[in-house]
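Observations on the model geometry
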Amino acid sequence: MATQQRPRLSLEQRDAALADLLASERARIIPAANLLASDPSTLPRLLELLALERRADNRQGILFALTWHAEPDALWDLMIRVLSDPTEGEKVRGQASEGLAYMFPQVEVGSSRFEAGVQTLLAALKDSSPEVRYCALFALGATAHPPLIPAMEAMLVDEAPVPGWVGTVATSAANALEHLKGKSASPHREGP
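Quick look at the structure, then. (Residues numbered from 1 in each chain as written. Predicted model: local features only at pLDDT ≥ 70, side-chain atom pairs only at ≥ 80, totals over all residues. Heavy atoms only, no water.)

1. Observations concerning the pattern of salt bridges
Going through the model one piece at a time under the given rule, you end up with 11 salt bridges. The residue arginine 45 makes a salt bridge to glutamate 48 at a minimum N-O spacing of 3.0 Å. Taken together, the positions of arginine 45 and glutamate 48, both in helix 3 (residues 43-52) and 3 residues apart, correspond to about one turn of that helix. With relative accessibility at 43%, the residue glutamate 48 sits in the partly exposed group. Within the structure, one salt-bridge network assembled from shared partners comprises Asp20, Glu25 and Arg28. (Salt bridge = Lys/Arg side-chain N within 4 Å of Asp/Glu carboxyl O. Helix = DSSP H or I, 4+ residues; strand = E, 2+ residues; numbered from the N terminus. Buried < 20%, exposed > 50% of the residue type's maximum accessible area, 1.4 Å probe, protein only.)

Take a look at the structure:
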């Protein structure tokens, strides 16, 4: 992701989107997160908001915007911490998995950072939430690391439906395997 090529928001757009990101209505949070995702200059402010905000929908929106910034130096450990935290909502933990997925291409295979991400995602395959398992599989597929194939193949039997996403956990496992083996696959949301 070439975040440097995206246009910055005007000060008015940024302030309005940041305010909407903290709203109580998902109908305001989602468009705000999409808008803020397009402007990498918002990264510091989004990190500040994440440190203060406790509501799951808002945290998910903040993490969504951060996901598209794809800055491993600033975000890798944060995404791992959020994914590993059982007190976080399932949508928030799922979003953290997605954030890792988009940063894996910038992380050296075999590095301590890479290994920490992989181990956290493998642990997430045992999460009680189908959404967390679904998103963790997507991220594992993004690693381009063939030794993870057996772990993903083991998830092909997980037929738990995932509300808001297309298919089951097994669908995500199949897509991740296709992606890892060089075919095009991505997660499919039914809606926001």
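2. What to know about the packing of helix 2 (residues 26-37) against helix 4 (residues 56-67)
Packing of helix 2 against helix 4 leaves a shortest axis separation of 8 Å and a crossing angle of 20°. With respect to each other, helix 2 and helix 4 are oriented roughly parallel. The chirality of how helix 2 crosses helix 4 is right-handed. Only Asp57, Asn58, Gln60, Gly61, Phe64 and Ala65 of helix 4 make contact with helix 2, whose side of the interface consists of Arg26, Ile29, Ala33, Asn34, Leu36 and Ala37. (Axes fitted to C-alpha atoms, helices over the stretch in contact; angles between N-to-C directions. Parallel < 35°, antiparallel > 145°, perpendicular 65-115°, else oblique. Left-handed = near helix turned anticlockwise from the far one by under 90°. Contact = heavy atoms within 4.5 Å.)

3. Points about the packing of aromatic side chains
Per the counting criterion, the structure on display carries 6 aromatic pairs. Centre to centre, the rings of phenylalanine 104 and phenylalanine 114 are 5.4 Å apart; their planes meet at 75°, and the pair counts as edge-to-face. Remark: phenylalanine 114 occurs in helix 7 (residues 112-124) and phenylalanine 104 occurs in the loop between helix 6 (90-103) and helix 7; sequence separation between them is 10 residues. Relative accessible area serves as the criterion here: at 3%, phenylalanine 104 is assigned to the buried category. The interplanar angle of 45° and the centroid separation of 5.0 Å between the aromatic rings of tyrosine 134 and tryptophan 165 together place this pair among those described as tilted. Of this pair, tyrosine 134 sits in helix 8 (residues 130-142) while tryptophan 165 sits in the loop between helix 9 (149-154) and helix 10 (169-180), and the two are 31 residues apart along the sequence. (Phe/Tyr/Trp six-rings, centres within 6.5 Å; stacked < 30°, edge-to-face > 60°.)

4. Details of the nonpolar core
Leu21, Leu63 and Leu66 are the most contacted members of the largest nonpolar core, which totals 59 residues. With 9 residues, helix 8 is the single largest residue contributor to this core. Among residues more than four places away in sequence, those in contact with leucine 66 are Leu43, Leu46, Leu47, Leu50, Leu75, Leu78 and Met79. (Core = buried A, V, L, I, M, F, W, Y, C linked by side-chain atoms within 4.5 Å.)

5. Describing unusual backbone geometry
Phi at alanine 70 is positive, roughly 45°, even though this residue is not glycine. Here alanine 70 falls in the buried class, since its relative accessible area comes to 3%. Of note, the phi angle at alanine 144 is positive, near 60°, even though the residue is not glycine. Mapped onto the elements of the fold, alanine 144 is located in the loop between helix 8 and helix 9. Residue class for alanine 144 comes out exposed when judged on its relative accessible area of 55%.

Without other data, these values stay purely geometric and don't point to any function.
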